[in-house]
Every structure is written in C-alpha cells, then in structure tokens.
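Listed here are the chains, written in short residue letters.
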Amino acid sequence: MPIHVALPLPRLEPLTYGLPDGIHVQRGCRVLVPLGTRIVTGTVVAVDQDAVPKMRHIIEVLDEEPSFSDEVLELTKRISEYYLSSWGEVLQAALPTGLTPATVLHVTVLRPITDDDLEEMELRAPKRARLLRELREHEGEISVSYLQRKLKATAIADQLDALQRMGWIRLEQSLEQQRVPRMVRAASIAPSLLSNEEELRAAFDFLDAKAPKQSLALGHIYLTTQRDGRPVEIARLADELHVSSTVVDSLERRGFVEISQVIRRTADDEDSSLVSRNEAVVKLTAEQATAVERITELCDMRQLSPVVLHGVTGSGKTIVYQRAIQHVIEGNGRVLLLVPEISLTPQLADRFRAVFGDRVAVLHSRLAVGERIGLWQRIRAGEFDIVIGARSAVFAPLMDVRLIIVDEEHEPSYKQDDPAPRYHGRDVALMRGQIHKCPVILGSATPSLESLANVAAGRATLLQLTHRADGALLPSIRVVDLREERKSRRLKGAISMTALDAIAARIERKEGTLVFLNRRGYAVNLQCEDCGDVPMCQNCDVALTYHKHANVLRCHYCGYAEPMRAACTTCGSVDLRESGSGTQRIEEDLVTALNERMERTPRIERMDADTTSRKGEHRTLLKRFASGDIDLLVGTQMIAKGLDIPRVTLVVVVNADMSLHQNDFRASERTVQLLTQVAGRAGRTGSHPGEMIVQTSSPDHPAIVAAINGERSPDVLRAWEGDELRLRREVDYPPYTRFIVIEISSLDEAATLDHARVLAALIPARTDYHLRLDPVTPSVARIRNAFRQVIIIKNFKDKDQSGALCRSLLRNAFATYHASYASSSVKVTIDVDAHGTL
Ligand code: ADP
Ligand code: ZN
Ligand code: ZN
C-alpha cells in the first residue's frame, strides 16, 4: 500500500512510501519517514490501495487519530497551490508549534553492548559501530536528533533501522513528552449532592458540626463550580482558603466531592474580566437586528456566502457576532472567530467568555507551548463550540464549522510575512468557508478596498451598521495644522498647545485621554548635529533606533545592538540629537508640559511593545486606565485596537502624516483606517461625548480629509474610496491585480543581482493576464548582511480570476530555475498578495 506523505520542505511534492507489515495509518496522521539521509516528520495526505514494488518505508506512525480532518487537509492543499508553497510547509504551519517536532523518535538499548560486540561490528559496519558506541555511553533513552548532532551525521536513519532489525535497539515514538499540558487535581461536587438539595443541606449541617474546614471547602467548591461550570483546582483552593489540600481528600472519602485531573488554567483565564455589562441581554438596535437576521438566514443555507459587515466604530458589531453565534450553536454548529492580535485585545475575548463561558477556546499568542497544545487537542476532541484566535487559528481543528467571522478584516497583521506559507488569514478564512459551505463575515469599521471591490462586483453581500449603538455620538474632530503651530511657536515638543489645553481639561474632569503615535514601530534615530551622520546597523541598510531605557542603539531588522555613543564616530562631535518621536519621547514631552501647567501631577503611562512584553502587562495597564488610576495613555497601534473604555473622551493623534508618507501603495488606505479606528476609541457611551484632535502637516490630503469626515458623512468616504480605487486601477495595483513579490537574497551582491536577472528572464515580461517588472533593489537593500533584489509581478484578476494562469507561468519559471541555476547560497522566496512595503 503506497502512502503519500507531504513533507515540510520548500517546493517538494508529496513523496510515496511503503508501510511496514502490521502497521496501519490513516490519512491526516503524522509519520516519520526517511528522506535522503535524514528522518523527517510528514503528514499522510493519501493512502493508495494498489500494491507497488520496492520503496522506502515509513519509520513510525506518530498519531493514532489523524491530526488533520479532511476539511483542513483540503484547505492546506488549496493554500499551497494559491501561495506557491509546498503542501507539507502549509501542514506544518497549521499545527501548533510543539506538535511539529523535528524528530520525536527515541532510541532504547535492549541488551548490554560489550567491547567484543563493538569490535566485531567495527569490521562489518563501522558506521553502525560508532552509533552503538555512542548508545552505550548513555543511560536510558536518547533521541534521534541528539544522536544526529552528536555524531555530526545525518545519515543515521538506515543504521538505526538495521540495528533495530538486529535486535540491539528499539525505536520509539515519544509523544511530545515535556510538551503535554500540566495536569492538576481538581474537585467538583458529587452528582448525588447536586441533584438532591436535601442531601446537600444535610452534608453541610454534618460538616458544620464535625469539620468546619471541610464545610468551608465544600462551600467554596459548590459556589465556584456553579459559577464557572468547571472543577476547582485543589491547590488553588487550599491557597485561597488557607487550608491543607487533605481537607479535600477527606471530602472525597465522605463521597461529597469527586476528584479529577484537569488541565491547569493559565494566568489569563483567571484574571478578572474586562467586561462590565451583560451583553447577552442587551436589546438589539434595529440595524443590528436586521444584520443578525440576514446572517442567520445565510447560516441556514449551508453555502459559502461572503458578507462584509461594515459598521461604524461603536456600532455593536461584536453583539451582532454574538447573536449570530448563538443561533449557530443552538443548531449544533460551531464557529471560528479570527481577530487581529489577540494579546492586544484581551477585552474582546473577555466579552465572548462572558456570554459563552467555557464553550469558548481562546488561542492566545502568549500561551505556553503545552497550554496551546492542550487547547488544540481539546478543540479537536470537540470540547468547544467557538474558537477565537489570531491568524493561525484559521487552521483550528474544529468540526462542523457553520460560521466564520473575521473581525477587523482590514488589519495588516492577518498577513503572514515569513516564513512560508505567506498566507492572508482573511483570504484563507474565505477558502475555509468554501470547504465548510458556510458564511464568512468580514467585519470592520473600515473595510479593505479588496472587500469593497468584492461587494461592488457582487461577490460579497454588504451589511451596514451606520449608527453607534447605545445612542453614543460620533466624536467631534479638530484638526491642528502643525505648520501653523510651528510658525507661531505653539508646539511643546511634538504636542500642540491646543492638544495640551484639551488634555489638561480632561485630567481635571477625571476623564481618560489616549495619545496615539500613528506609526508602525516607534523609532527614534540619532543624528549628529555637526556632520549629519546617522548611526547605521552594520548588518542592514537601516538606521539604528535609540532605546533610551536600556541606553542602547538597536536594529529592528536583525536585533544587532551597541551601547549608546558618547560622540559621533565620524566627526567626534558630542552633539547627538534624537530625531523622530518615539512613544518614550512623547511621554517625556507630555510629562514636562503638563507638570508645568497643572496643580496635580498627572498620571501618564506608556503602552507599546516595550512596556507590555510580559504576559498580563497589557491587561493590567488597561484595567488601571479603565478604573481611572491612569489619566493618560501614550501608545502605538496597540491602543487603537478594539478598546472600549467609557471614560475615554479625548484621543490625540500626534502626527497623522507618519503613515501617509510610507513607501506603500496602501499608505492612504492605511491612514484612513488607522485614524478612523483611533477616533472610534473616544466617547463610546452616550453620557461622555468624545473628541479627537488630529495633528497634521497636510490637513488637505484626501486621505486625511476622508478619515476626518468619514464616519460622519459617508459621502466623503465613498468619494475617497472611489478615487482611490480608480487610482489603483490606473496603476494596476490591488484589488484589481494580485501583487506578487519574488525576493532574491544572498551574502554575495553580484550573485544576488545575477540570480535576480536570470529568474526574471525566465518569466515572460507580460501576457494579457500579467505584468512582470524588472528586478529592483528594495528600500532596505541589505538585511542581516544579505543583499536583496525583488521582482514584482502584477496578475490581472479580470483576465485570470483564480490566478491559475499566472501561477502556472511562475511554476514553470521556478522549475527551470531550480533545475538549472539555483544555488544553495541564494535564497528565493515568493509572496503572493504581498504587503505594499518593500
Ligand atoms: P464595534 O465592535 O462595532 O466597535 P462594540 O460591539 O464594541 O462595537 O459595541 C460598542 C459598545 O456598545 C459596547 O460597549 C457594546 O456593549 C455596546 N452596545 C452594542 N450594541 C448595543 C445595544 N444594542 N444596546 C446597548 N449597548 C450596545
Ligand atoms: Zn558627526
Ligand atoms: Zn540590522
């Protein structure tokens, strides 16, 4: 029986292996197979029935149950075709890390190995002898990957196989031992007590008299299990009640509680929720009700239906999702909900937990490996009805999916940049919807132009929420022209007096303020006042970023760091000036300016990648801000996302131009989206009207005008969208074309240029369905010492709807290139639907 196995290597089609006698394997199971001289983990993608002559055999079957359902196998196959990566690479990306061991095979020595044995072996098979000698040095098990490292040899698959057949060793799979989730003992009330109130009361009466501590513990277990619907971890209970855990054992002996093993809860689960109201009972607005009705109708039709849910910020999209989900799970369906970056949006997950409790699995980027695997296994076992997670959750092993929701579908973080497969979570969600035959809701206050074009072409249904729920008003917006402010010296650092006045007023009224730095990253560069020199990374063609806190200069591309310089290395001047405004710098400016004018010292905190690197820090900051413990929060994109804090009445955008002047064909679109999202953070309730102050040097730029007026006057936004789409069409950019980027890089500059030229020549310059540009040097010409070239391909969607024609063209070019020219020192990657920044 030939078995087809997909391996996680670039450009490799599934390979065929034989199956050892007596072993069975199903499609979707992971297996260990020999590949050349290595042992590799792959996935069985097909099992043939016909007998086939000699071939290499599978070494080990790793799964009893398939790791992949038929649907996910189909999904990964389509992804590999669309994104031109190998099926095995996609399958690997679809599993949680930790479940994808390089080699999990372990070797156990079965009988003592004597010197004579070794000598004899030496004569016949020296390689095997070396292996055996190594094995003799070790007590107990040893892993294959360790042996490979130790012997500096990869060619051990066949030797091990031989030694096993000769009865020296046993090769065994070890099931991700250290990685399985930590199990702990937990207690729940005995069913007999739960079903009989008399008995319960009798138990308490008895314990009150005989064993008060046990009574206390039983009461705690009762209340907690009633509230959470899951057993109480015993260690935690002992801690909280200051009793010994033997108290619970006594309760078990009396038959009052049952003890079981459960997966230990993560710190996040137990944190108090950021949710303040019960959303399961709020009354829907008319618009929400209509949207829910349409979506539930579509769910019942059981076919792919893309829906763009365009709701202004605060219009209650989340509630629409919740009610649609309710409908689906009542009909025994399951739901996949994708969110941009879950660790940045703890509030959103909390809102779903508050309504759906333990039926929700939250795949969090900060879960420990074991926790993630534990959740993944429980999802596969069917324990959850709803899975919430970021991009990779689109692969969750969920069955019976009847609804897929992509929240904030316009977010760039849905795109995976590296490594392959370079997929887009939203587009993969649509593929999955096609396989499960279900609606896919793309929700956003600022839908991507891709989605709007799909609506215009009739490929997606548009549902709109045009008003804020709860009677809240859209924020009023003031524009501050930075050019004027600079002229009249009304700037304190990067902050205008206008903004400072508004902030001071909020602090006095104890309302919350967000100060937003509209920029990816938070770079502060250093520049010499005298010669203009800017310290650069020694490995990459980018300026180093100054991190004041650690007093180092660091490269954001390769991580290179050096101590802050005392003087310019070019001219020796000590006048080094910070240029650009990072969040840290803004924070300092604000503290200085506000301390001058206020009686009470305002409490200002910063929220960016630096201050939230540890688990839970983000949540803690948000909680303190929500409770009024912090007056003002300065931050990056992180504060623009899905924050719903009623006391925020002012949002200040430090410099709206920053995202506008990026080298990206989506720069305008991104600016509109960012500003609209940020504005949405202000005045989320009817009682606290909000204001946004936008500082900009280009108040007349169409994107800024559109963003500022957009939610209030949809016509302005529609006009901008129309203009932008027309522009994109004129210059052949998405959404009318697929933007495909081939990157060639190597340590050798000449080789890079040469390979780029050769590869480009293998791709026709144009057909009626594509355009291939000549290789160019991207804006960062060198990363980690590797020189870069890119070839851009635009694939016209109207002439090649699925992209199949263009892909076949590229596949041919790559095949020729790899057959006759490729070199291991030159790296070639391909990115379909790439970001615009190069
Ligand atoms: P969006 O995701 O569209 O920005 P949310 O779902 O976060 O909006 O809703 C904004 C706020 O309005 C939330 O606090 C939510 O609880 C509240 N809300 C939404 N719908 C209603 C409703 N029908 N009645 C009362 N409050 C609502
Ligand atoms: Zn200098
Ligand atoms: Zn670098």
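Whatever comes next refers back to the structure up there.
Let me sum up the structure you'll find in this document.

Rules of the game
- In this convention, every chain numbers its residues from 1, walking through the sequence in written order.
- Chain letters and ligand numbers both follow the written order, the letters beginning at A and the numbers at 1.
- Confidence filtering applies because this is a predicted model: local features only for residues at pLDDT of at least 70, side-chain atom pairs given and counted only at 80 or more, and all residues used for totals across whole chains, interfaces and linings.
- With hydrogens and water set aside, each side-chain value is computed from the structure's full complement of heavy atoms.
- Between 30 and 60 degrees the pair is tilted, below 30 it is stacked and above 60 it is edge-to-face, where a pair is any two Phe, Tyr or Trp rings, Trp via its six-membered ring, whose centres lie within 6.5 Å.
- Definition used: whenever NZ (Lys) or CZ (Arg) falls within 6 Å of the ring centre and also within 35 degrees of the ring normal, the charge is taken to sit over that ring.
- A single heavy atom is enough: if one lies within 4 Å of a molecule or strand, its residue is considered near that molecule or strand.
- Two N or O atoms form a polar contact when they lie within 3.5 Å of each other; inside protein one atom must be a possible hydrogen donor and the other a possible acceptor, and for residues adjacent in sequence the pair counts only when both atoms belong to side chains.
- Values of accessible area rely on a 1.4 Å probe in the Shrake-Rupley scheme; residue burial ignores everything except the protein chains shown.
- Strands are runs of DSSP state E lasting at least two residues, helices are runs of H or I lasting at least four, and both sets are numbered from the N terminus onward.
- Side-chain classes follow a simple rule in which Ala, Val, Leu, Ile, Met, Phe, Trp, Tyr, Cys and Pro form the nonpolar group, Asp, Glu, Lys and Arg form the charged group, and the remainder, Gly included, forms the polar group.
- It only takes one pair of heavy atoms within 4.5 Å for two residues to be counted as in contact.
- As a rule, N, O and S atoms within 2.8 Å of a metal are its donors, except that Na, K and Ca use 3.2 Å; water is not among the atoms, so sites may look incomplete.
- Just to be clear on the cut-offs, tetrahedral is four donors with all angles between 85 and 135 degrees, square planar is four donors and octahedral six with opposite donors over 155 degrees apart and all others between 65 and 115, and anything else goes down as irregular.
- A simple rule labels every residue: compare its accessible area, found with a 1.4 Å probe on the protein chains alone, to the largest value its type can have, and call it buried under 20%, exposed over 50%, or partly exposed in between.
- Two strands are counted as paired when DSSP detects at least two bridges linking them.
- Axes, fitted as lines to C-alpha atoms, cover a helix only where it is in contact. Angles between the N-to-C directions of the axes lie from 0 to 180 degrees.
- To define a nonpolar core, start from buried Ala, Val, Leu, Ile, Met, Phe, Trp, Tyr and Cys residues and group those joined through side-chain atoms within 4.5 Å.
- Salt bridge, as used here: a side-chain nitrogen of Lys or Arg that lies within 4 Å of a carboxyl oxygen of Asp or Glu.
- Cavities and pockets are found on a 1 Å grid laid over the protein atoms alone: a cavity is a set of points where a 1.4 Å probe fits but cannot escape, a pocket is an open set with protein on both sides within 12 Å along at least five of seven lines, and a lining residue has an atom within 4 Å of such a point.
- Grid points are joined across faces, edges and corners, and a volume is the space filled by probe spheres set on the points.
- Our angle categories are set so that under 35 degrees counts as roughly parallel, over 145 as roughly antiparallel, 65 to 115 as roughly perpendicular, and the remainder as oblique.
- Here a crossing is called left-handed whenever its near helix is offset anticlockwise from the far helix by less than a right angle, and right-handed whenever the offset is clockwise.

Now for the packing of aromatic side chains. Enumeration according to the criterion identifies seven aromatic pairs in this entry. Through a chain of ring-to-ring contacts, the aromatic side chains of Phe665, Tyr733 and Phe739 assemble into a single cluster. The ring centre of phenylalanine 625 lies 5.4 Å from the NZ or CZ of arginine 647, which sits over that ring. Lying over the aromatic face of tyrosine 736, arginine 729 brings its terminal NZ or CZ to 4.0 Å of the ring centre.

So, on to the site of ligand 1. Of all residues adjacent to ligand 1, which total 19 residues, the nearest are Glu279, Lys283, Gln288, Gly314 and Asp644. Between ligand 1 and glutamate 279, the relevant distance is 2.4 Å, taken from an oxygen atom to a side-chain nitrogen or oxygen of the residue. Between glycine 316 and ligand 1, the recorded distance is 3.0 Å, taken from a backbone N or O atom to an oxygen atom. When isolated, ligand 1 has an accessible area of 560 Å², and the protein chains bury 90% of it. Take the shell around ligand 1: its biggest share by element is three residues, from helix 14 (residues 317-330). By residue class, the composition of the shell around ligand 1 is four nonpolar, seven polar and eight charged.

To continue, consider the side chain of glutamate 724. For glutamate 724, the location among the structural elements is in helix 26 (residues 714-730). In this structure, glutamate 724 is in contact with Leu449, Phe665 and Ser668, ignoring residues within four places of it in sequence.

We now examine the coordination of the zinc ion (ligand 2). In ideal tetrahedral geometry, four donors around a metal make angles of 109.5 degrees, whereas ideal octahedral geometry with six donors gives angles of 90 or 180 degrees. The zinc ion (ligand 2) binds to the protein through Cys528 (SG), Cys531 (SG), Cys568 (SG) and Cys571 (SG); the donor distances cover 2.3 to 2.4 Å. Bound by four donor atoms, the zinc ion (ligand 2) shows angles of 104 to 112 degrees at the metal and therefore tetrahedral coordination geometry. Motif for the zinc ion (ligand 2), donor spacing along one chain: C-x2-C-x36-C-x2-C. According to the relative accessible area criterion, cysteine 568 is buried, its value standing at 6%. Judged by its relative accessible area of 39%, cysteine 571 is partly exposed.

On to the sheet that holds strand 30 (residues 648-653). Pairing in this open sheet of six strands is parallel, and the strands run 19-31-30-22-29-28 from one edge to the other. A strand with exactly one partner marks an edge of an open sheet, and here the two such strands are strand 19 (476-481) and strand 28 (604-607). The mean angle between the axes of side-by-side strands here comes to 20 degrees, regardless of whether they run parallel or antiparallel. Where strand 30 and strand 31 (residues 691-696) come together, four bridges link them in parallel fashion. Considered in strand 31, the bridge of leucine 650 is made with glutamate 691.

Our focus in this paragraph is the nonpolar core. Generally speaking, a soluble globular protein has its nonpolar side chains buried in company with each other. The biggest cluster of nonpolar side chains holds 64 residues, and the ones touching the most others in it are Ile79, Ile742 and Leu810. No other element matches the six residues that helix 28 (residues 804-820) contributes to this core. Apart from residues lying up to four places away in sequence, isoleucine 742 is in contact with Leu759, Ile763, Gln789, Val790, Ile791, Ile793, Leu810, Phe814, Val828, Thr829 and Ile830. By size, the runner-up hydrophobic cluster in this structure holds 32 residues, among which are Ile639, Ala679, Ala707 and Trp720.

Taken as a whole and judged by the stated rule, the model has 43 salt bridges. Arginine 201 serves as the salt-bridge partner of glutamate 197, at 3.6 Å between the closest nitrogen and oxygen. One end of the pair is glutamate 197 and the other is arginine 201, both in helix 8 (residues 197-210) and four residues apart, which spans about a single turn. Exposure remark for arginine 201: the relative accessible area of 45% places this residue in the partly exposed category.

With respect to the secondary-structure elements, arginine 788 resides in strand 36 (residues 786-796). Residue class for arginine 788 comes out buried when judged on its relative accessible area of 12%. Engagement of the side chain of arginine 788 in a polar contact is seen with the backbone oxygen of valine 780, the distance being 2.7 Å. Other than its neighbours up to four places away in sequence, arginine 788 contacts Glu743, Ile744, Ser745, Thr752, Thr777, Pro778, Val780, Ala781, Arg782 and Ile783.

Glancing now at empty space enclosed by the protein. In total, this model carries seven cavities of 30 Å³ or more according to the counting rule given. By volume, the largest cavity amounts to about 120 Å³. Surrounding the largest cavity, 16 residues form its lining, Thr446, Val672, Leu717, Trp720 and Glu721 being those nearest its centre. Going through the elements one at a time, helix 18 (449-456), helix 24 (667-679), helix 25 (702-709) and helix 26 are the ones with two or more residues in the lining of the largest cavity. If one sorts the elements of the lining of the largest cavity by residue count, helix 24 sits on top with four residues.

A few words now on the environment of proline 340. Of note, proline 340 is situated in the loop between strand 13 (334-338) and helix 15 (346-356). Looking at proline 340, the relative accessible area reads 7%, which means it is buried. Sequence separation between proline 340 and proline 412 is 72 residues; the distance between their C-alpha atoms is 8.2 Å. Once you skip the residues sitting within four places of it in the chain, proline 340 turns out to touch Ala390, Asp407, Glu408, Glu411, Ser413 and Tyr414.

The next point concerns the packing of helix 25 against helix 26. Packing of helix 25 against helix 26 brings their axes to within 8 Å, and their N-to-C directions diverge by 150 degrees. Taken together, the axes of helix 25 and helix 26 lie roughly antiparallel to each other. When you trace helix 25 past helix 26, the crossing you get is left-handed. Where helix 25 approaches helix 26, its residues Pro702, Ala703, Val705, Ala706 and Asn709 are matched on the opposing element by Val716, Leu717 and Trp720. Residue composition of the contact of helix 25 with helix 26, by class: seven nonpolar, one polar and no charged.

Let us now look at the pairing of strand 30. Here is the key point about a regular strand: its side chains alternate between the two faces of the sheet. Counted residue by residue, strand 30 has six buried out of six residues, so it is predominantly covered. Taken together, the five bridges between strand 22 (residues 512-516) and strand 30 define a ladder with parallel strand orientation. Across the sheet, glycine 512 pairs through a bridge with valine 648, a residue of strand 30.

This part is about unusual backbone geometry. At the junction of alanine 420 and proline 421, the peptide bond is cis and its omega measures out at 0 degrees in the coordinates. Its location among the elements puts proline 421 in the loop between strand 16 (401-407) and helix 17 (425-436). With an omega of 5 degrees, the peptide bond running from proline 734 to proline 735 counts as cis. Within the secondary structure, proline 735 is located in the loop between helix 26 and strand 32 (737-746). With a phi angle near 50 degrees, leucine 84 is a residue other than glycine that sits in the positive phi range. Residue placement: leucine 84 occurs in the loop between helix 1 (70-82) and helix 2 (87-94). Not every positive phi belongs to a glycine, and arginine 302 is a case in point at roughly 55 degrees.

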